[in-house]
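Summary of the model geometry
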Amino acid sequence: MTTAPTVSASGLTLRYGGTAALDDVSLRLREGITGLIGPNGAGKTTLLRVLATAVPADRGAFAVLGHDPGTTAGRQEARRRLGYLPQNPGFHLDFTAFSFVDYVAILKELTDRAARHREVRRVLEAVDLSDVRGKRIKRLSGGMRQRVALAAALLGDPGLLLLDEPTVGLDPEQRMRFRELIAQAGESRTVLLSTHQTEDVAMLCHRVIVMVRGRIHFEGTPAELTARAAGRVWSSAERDPGARAGWRTGLGTFRNVGDPPRGAALLEPTLEDGYLLVLDGEPAEVASL
Ligand SMILES: Nc1ncnc2c1ncn2[C@@H]1O[C@H](COP(=O)(O)OP(=O)(O)OP(=O)(O)O)[C@@H](O)[C@H]1O
Ligand SMILES: [Mg+2]
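My aim in this report is to walk through the structure given alongside it, one point at a time. Every chain's residues receive numbers from 1 upward, in the order its sequence appears when written. In the order they appear in the text, chains get letters beginning with A and ligands get numbers beginning with 1. Since the coordinates come from a predicted model, pLDDT governs what is reported: local features require at least 70, and pairs of side-chain atoms require 80 or more to be given and counted, while whole-chain, interface and lining totals use all residues. The side-chain quantities take in all heavy atoms of the structure and omit both hydrogens and water.

Take the coordination of the magnesium ion (ligand 2) next. Ideal donor angles around a metal are set by the shape: a four-donor tetrahedron calls for 109.5 degrees, a six-donor octahedron for 90 or 180 degrees. Because no water is among the atoms considered, metal sites can look incomplete, with donors defined as N, O and S atoms within 2.8 Å of the metal, or 3.2 Å for Na, K and Ca. Bound to the magnesium ion (ligand 2) on the protein side are T45 (OG1) and Q87 (OE1), at distances that span 2.0 to 2.2 Å. Note that T45 is positioned in helix 1 (residues 44-51) and Q87 in the loop between strand 5 (82-85) and helix 3 (97-107), a separation of 42 residues in sequence. Helix and strand definitions here come from DSSP, where helices need a minimum of 4 consecutive H or I residues and strands a minimum of 2 consecutive E residues; each element is numbered from the N-terminal end.

Here we take up the packing of helix 3 against helix 5 (residues 142-154). Lines are fitted to the C-alpha atoms to define the axes, a helix being fitted only along its stretch in contact, and any angle between axes, read from their N-to-C directions, falls within 0 to 180 degrees. As a packed pair, helix 3 and helix 5 sit with axes 9 Å apart at the nearest point and diverge in direction by 30°. Our classification of the angle between helix 3 and helix 5 gives roughly parallel. The two elements helix 3 and helix 5 meet at a crossing, and its hand is right-handed. Here helix 3 contributes A97, F100, V101 and V104 to the contact with helix 5, which in turn contributes V148, A151 and A152. Polar here means any residue outside two lists: the nonpolar Ala, Val, Leu, Ile, Met, Phe, Trp, Tyr, Cys and Pro, and the charged Asp, Glu, Lys and Arg; Gly therefore counts as polar. Here the contact of helix 3 with helix 5 is built from residues that sort into seven nonpolar, no polar and no charged. Angles are sorted into four bins: roughly parallel if under 35 degrees, roughly antiparallel if over 145, roughly perpendicular if 65 to 115, and oblique for all others. Whether a crossing is left-handed or right-handed is set by the direction in which the near helix is turned from the far one by less than a right angle, anticlockwise for left-handed and clockwise for right-handed. Whether two residues are in contact is decided by their heavy atoms, any of which lying within 4.5 Å being enough.

Within the secondary structure, R255 sits in strand 12 (residues 254-257). Polar contact is defined as a pair of N or O atoms within 3.5 Å, subject to the rule that within protein one atom must be able to donate a hydrogen and the other to accept it, and that residues adjacent in sequence are counted only when both atoms are side-chain atoms. Within polar-contact distance, the side chain of R255 engages the side chain of D273 at 2.5 Å. Leaving out residues up to four positions away in the same chain, R255 has contacts with V233, W234, A245, G246, W247, T249, L267, E268, P269, T270 and D273.

Okay, the site of ligand 1 next. A molecule or strand has a residue near it when one of that residue's heavy atoms lies within 4 Å. Lining the immediate surroundings of ligand 1 are 14 residues, of which G41, K44, T45, T46 and H196 lie closest. Interatomic distance of 2.7 Å between a side-chain N/O atom of K44 and an oxygen atom of ligand 1. In the model, an oxygen atom of ligand 1 is placed 2.5 Å from a nitrogen or oxygen of the T46 side chain. Coverage of ligand 1 by the protein amounts to 63% of the 640 Å² it exposes when considered alone. For the shell around ligand 1, the secondary-structure elements that each account for two or more residues are strand 2 (19-29) and helix 1. Examining the composition of the shell around ligand 1, we find that three residues originate from one element, helix 1, more than from any other. A 1.4 Å probe and the Shrake-Rupley method give the accessible areas. Residues count as covered only by the protein chains that appear here.

All right, on to the sheet that holds strand 7 (residues 190-194) then. Two strands make a pair as long as DSSP finds a minimum of two bridges between them. What the six strands build is an open sheet, ordered 5-6-7-3-8-9; its pairing is mixed. Either end of the sheet is taken by a strand with one partner, and the two such strands are strand 5 and strand 9 (215-220). For this sheet, the mean angle separating the axes of adjacent strands, direction not counted, is 15°.

Turning our eyes to something else, we now look at unusual backbone geometry. Its identity as a non-glycine residue notwithstanding, D24 has a phi of 65°, on the positive side. Counting through the fold element by element, D24 comes out in strand 2. Per-residue accessibility, obtained with a 1.4 Å probe over protein chains only, is compared with the maximum for each type, and a residue is labelled buried under 20%, exposed over 50%, and partly exposed between these values. Assessed through its relative accessible area of 46%, D24 is described here as partly exposed. Positive phi is not limited to glycine here, since D128 has a value of about 65°. Summarising the element assignment, D128 is placed in the loop between helix 4 (113-126) and helix 5. With relative accessibility at 48%, the residue D128 sits in the partly exposed group.

Moving on, we come to the nonpolar core. As used here, the term nonpolar core means buried Ala, Val, Leu, Ile, Met, Phe, Trp, Tyr and Cys residues forming a set that is joined through side-chain atoms within 4.5 Å. Counting residues in hydrophobic clusters, the biggest one holds 46 residues, and the most contacted among them are V101, V148 and L225. Ranked by the residues each element gives to this core, the list is headed by helix 5, at seven residues. Domain boundaries shown here were taken from an automatic or database domain assignment. Each of domain 1 (10-81 + 158-217) and domain 2 (89-157) accounts for three or more of the residues forming this core. Among residues more than four places away in sequence, those in contact with V148 are F91, A97, F100, V101, L129, I137 and L140. Judged by nonpolar contacts, the second largest core, of 26 residues, contains V7, A42, V55 and L162.

Here you go:
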């Protein structure tokens, strides 16, 4: 793609005491859905919070659709152009779905009441919640609450959507519905999707970033991440002590990831296999940006 990136960041660094939550992170995000995966504490939420301009980085710079959040005017413009679904949306449980999204719309400076209410109805319709918009949030299921949070993030039709683990805690059917909504949202905008579900990445994302201890260890396509495990996944009747990771499968055989012994019965790798190998002390690699 030759279009200008929606987000370009260089050298983002943020320390909490002795911990580098972000350690010299540079990236570019373009239209489509980019998955952000990494172990607990890797810095995914911190990266999203920085890009959402919720916290400033200690060092480094970034731009959202050409606007520099380092300046007051640029921050305001960037905020108008992004939607953020936080890891723990701070719901007011007594609010109705409508009044919660309306409240976020007020914070987003949609000041004209009639236009704002039209926009709130539009985003609730987009996530299929029109029927329950008058219900209090405490009476909604987890999947519905996540859709309320997504509706709030979609206010104002932002060019950049930052979604922090939106499918966590959803049952498989709800997760599938939510994937459809994210896929729709990603058709015409840039989405950064933090998740622990490697299937989310395999099914939805055109790019994937793996973060470990505040640094980017991999950036590429899901197929490239899967290819990291080509020839490195094999099955065996007993646990293979030489494997970097191995587990018994439903078939009763073991699935091993690592350096296979000679003559091993190789298996088709998955994105998760590639991810496990990136985590396993591989040299940090960032595809040329
Ligand atoms: N407000 C804070 N104060 C102190 N330390 C923090 C704060 N926020 C994050 N950290 C630390 O920064 C590091 C990165 O945390 P972050 O929440 O960004 O990780 P994450 O990848 O989102 O993890 P998870 O998958 O568990 O959501 C962790 O070591 C965490 O303890
Ligand atoms: Mg997080």
